[in-house]
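# Understanding the architecture of this molecule
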Amino acid sequence: MMSDDIKLDRHDDARAILARNDRGGYTVPTDRLYPFQWNWDSAFVAMGFATFDIDRAYRELERLIEGQWEDGMIPHIVFHAPSDTYFPGADVWGTRHRIPTSGITQPPVFGMALRFIHDAAVAAGRQDALERTRPLFAAALRSHRWWMKARDPERRGLVAILHPWESGSDNSPAWDEALARVPTTTTTQIRRKDTGHVDAAMRPRDVDYQRFIHLVDTYRDCGWNPEKQWASAPFKVADVQMTGILARATADLIRLAAVLGAQDEVAELSEMHRLLTEGLGRRWRDSLRRFVSLDLVSGEDIEAPTQAGFIPLVAVTLDGQQRAAVAAEIARWCDGMVVSLPSTAPFSPAFEPKRYWRGPVWAVINWLMADGLRANAMNELAGSLERGTVWAIEQAGFCEYFDPTTGEGLGGNTFSWTAAAYLVLSRRVTDG
Ligand code: GLC
């Protein structure tokens, strides 16, 4: 009885966080630290809303695509309303869309979210499900076409990021070598705001920020033209996390295309899906027991042990040997951890349990991991990650991320996607 009450309160808390971070049909990741609409945050948040408010779930995605560019790209930030608590703001990006946006993108969880919401709408008996889904499907399809054209022009079956911020795992050690080649000179004056909100020891270093902004300056000087950016990018990584999410979202769009009776689109998306899953297949490494990204500037594998190596499970079907290898590798990463899955392996010299993307646990990463494990019939492991995530949130609150060695909640507080992850994952835990 008691524990049921606590759980109910937690659901109310999660919903209250989403309500509090609502800025009028879109949700900020958290107040002050991230005061605009972020791309993949909103996709996760929309799924959280779908557990109790279908209209609001659709609305989140509708507001996100207000920022979609002519060429199909969905930007990583949409600056719907001004705020001076974040750097780099709209003025630094200098983009020319009708609403100010950043000029880079983020993982395309959008397609996954759309299918999730559509299914929830149908299950709730909503008559308007197809009508609400259709324009969002068209937007998602345009964005997937952009991905293939702009970010895989050499047709490897892998999509590339041109900025670490695109990966969503901004400060991951996976980018260290590739980023070290990027000059630290900038034409933009750097005025960091993040370290005013959060302990600097948990955030990226100043020198990394100089490189991040050097990349922004470079692409702005290309007029945000994708071909010019591709040609002049000093940072270019074919990322398995991004490609895995894109491939999974493509599978979800195939399903929606079928429901919408869009046969040509089924064929087009199926071809995209084939390319991407084959590309991912080539990135598996037996010796590492995971997938590896490819540095397109050096031509070398990126072997840093980060969570990205397991994310392709959302899209590919492993054989029995690979499944056993992944299970053993995950067990090795989680050995001795209070909360799993660390975003960098604890045995790596790059592991820092409190610094952004260098060790901490993210609820939404665990959500993707659990989906990937379930898609590969590894339900037990998926269940234990889901239970661990729910437990961490119940202990430490709706924090941005968690220290895997202590379970401590870190980064920003009252985080929208952590609340969304709680709403979705706690249901699975309760339903078994
Ligand atoms: C950080 C994260 C990124 C997220 C954003 C807003 O930049 O690295 O993944 O989208 O915060 O929450």
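Residues numbered from 1 in each chain as written. Predicted model: local features only at pLDDT ≥ 70, side-chain atom pairs only at ≥ 80, totals over all residues. Heavy atoms only, no water.

### Let's talk about the overall build of the chain
We apply this condition: For helices the rule is a DSSP run of H or I covering at least 4 residues; for strands it is a run of E covering at least 2, with both sets numbered from the N terminus onward. A radius of gyration in this sense is built from C-alpha atoms; the matching globule rule multiplies 2.2 Å by the number of residues raised to 0.38. Per-residue accessibility, obtained with a 1.4 Å probe over protein chains only, is compared with the maximum for each type, and a residue is labelled buried under 20%, exposed over 50%, and partly exposed between these values. Any pair of residues with heavy atoms lying within 4.5 Å of one another is described as a contacting pair. Exposure was quantified through the Shrake-Rupley algorithm and a 1.4 Å probe, taking into account, for residues, occlusion by the shown protein chains and nothing else. The charged-residue count follows a simple rule in which Lys and Arg add positive charge and Asp and Glu add negative charge, with His and chain termini not counted at all. For charged residues, the charge sits on one atom: NZ in Lys, CZ in Arg, CG in Asp, CD in Glu.
Scanning the chain from terminus to terminus reveals 17 helices and 10 strands. The C-alpha radius of gyration computed for the chain amounts to 20 Å, which stays within 12% of the reference 22 Å derived for 432 residues, consistent with globular compactness. Dimensions of the chain, computed from the C-alpha atoms along their principal axes, are close to 60 × 50 × 50 Å. The buried share among the 432 residues of the chain stands at 61%. Counted over contacts in the chain with a minimum sequence separation of 6, partners at least 24 positions apart contribute 70%. Accessible surface, the chain as shown: approximately 16,200 Å² in total, 49% of it carbon and sulfur. The averaged location of the 57 negative side-chain charges in the chain is 2 Å from the averaged location of its 48 positive side-chain charges.

### Considerations on the site of the ligand
As a reminder, the rule being used: Working definition: residue near molecule or strand if any one of its non-hydrogen atoms lies within 4 Å of it. Here a polar contact is recorded for every N or O atom pair within 3.5 Å, except that within protein the pair must consist of a potential hydrogen donor and a potential acceptor, and residues adjacent in sequence are included only if both atoms are side-chain atoms. Ten residues, namely Ala, Val, Leu, Ile, Met, Phe, Trp, Tyr, Cys and Pro, are considered nonpolar, four, namely Asp, Glu, Lys and Arg, are considered charged, and the remaining ones, Gly among them, are considered polar.
Every residue lining the ligand is accounted for by P29, Y34, W38, W40, D41, Q106, G168, D170, Y356, W357, F415 and W417. The side chain of W40 places a nitrogen or oxygen atom 3.0 Å from an oxygen atom of the ligand. The side chain of Y356 places a nitrogen or oxygen atom 3.0 Å from an oxygen atom of the ligand. Alone, the ligand offers 300 Å² of accessible surface; in the complex the protein occludes 97% of this. The residue inventory of the shell around the ligand, partitioned by class, reads eight nonpolar, two polar and two charged.

### Some remarks on the packing of helix α16 (residues 379-396) against helix α17 (residues 416-431)
Quick reminder of the rule: Every angle, taken between N-to-C directions, lies between 0 and 180 degrees, and every axis is a line fitted to C-alpha atoms, over only the stretch in contact when it is a helix. Small angles under 35 degrees read as roughly parallel and large ones over 145 as roughly antiparallel, with 65 to 115 read as roughly perpendicular and the rest as oblique. By definition, any crossing whose near helix is turned counterclockwise from its far helix by less than a right angle is left-handed, and any crossing with a clockwise turn is right-handed.
Interaxial distance between α16 and α17 falls to 9 Å at its minimum, and their mutual angle equals 130°. With respect to each other, α16 and α17 are oriented oblique. Between α16 and α17 lies a crossing of left-handed hand. Between α16, through E386, R387, T389, V390, I393 and E394, and α17, the contact on the second element is made entirely by T418, Y422, L425, S426, R428 and V429. Classifying every residue of the contact of α16 with α17 gives five nonpolar, three polar and four charged.

### Thoughts on the sheet that holds strand β4 (residues 237-238)
Filter applied, for reference: The pairing criterion is simple: DSSP has to find at least two bridges between the two strands.
A sheet is described by the order of its strands in space; here four strands give the open sequence β3-β4-β7-β8, paired in antiparallel fashion. The open sheet is flanked by β3 (160-161) and β8 (301-302), the only strands paired with a single partner. Direction of pairing for β4 relative to strand β7 (residues 293-295): antiparallel, over a ladder of two bridges. When the sheet's bridge partners are listed, A238 is paired in β7 with L294.

### Observations regarding unusual backbone geometry
Of the consecutive residues F87 and P88, the connecting peptide bond is found in the cis state with omega at 0°. Within the element layout of this structure, P88 appears in the loop between β2 (77-78) and α4 (90-93). Here the residue pair S340 and L341 is connected by a cis peptide bond, since its omega of 0° sits within 30 degrees of zero. Secondary-structure assignment places L341 in the loop between α14 (320-334) and α15 (363-375).

### Some thoughts on the environment of K149
Its place among the elements puts K149 in helix α6 (residues 129-151). Since its relative accessible area comes to 64%, K149 is described here as exposed. C-alpha of K149 to C-alpha of E227: the two residues are 78 residues apart in sequence and 9.4 Å apart in space.

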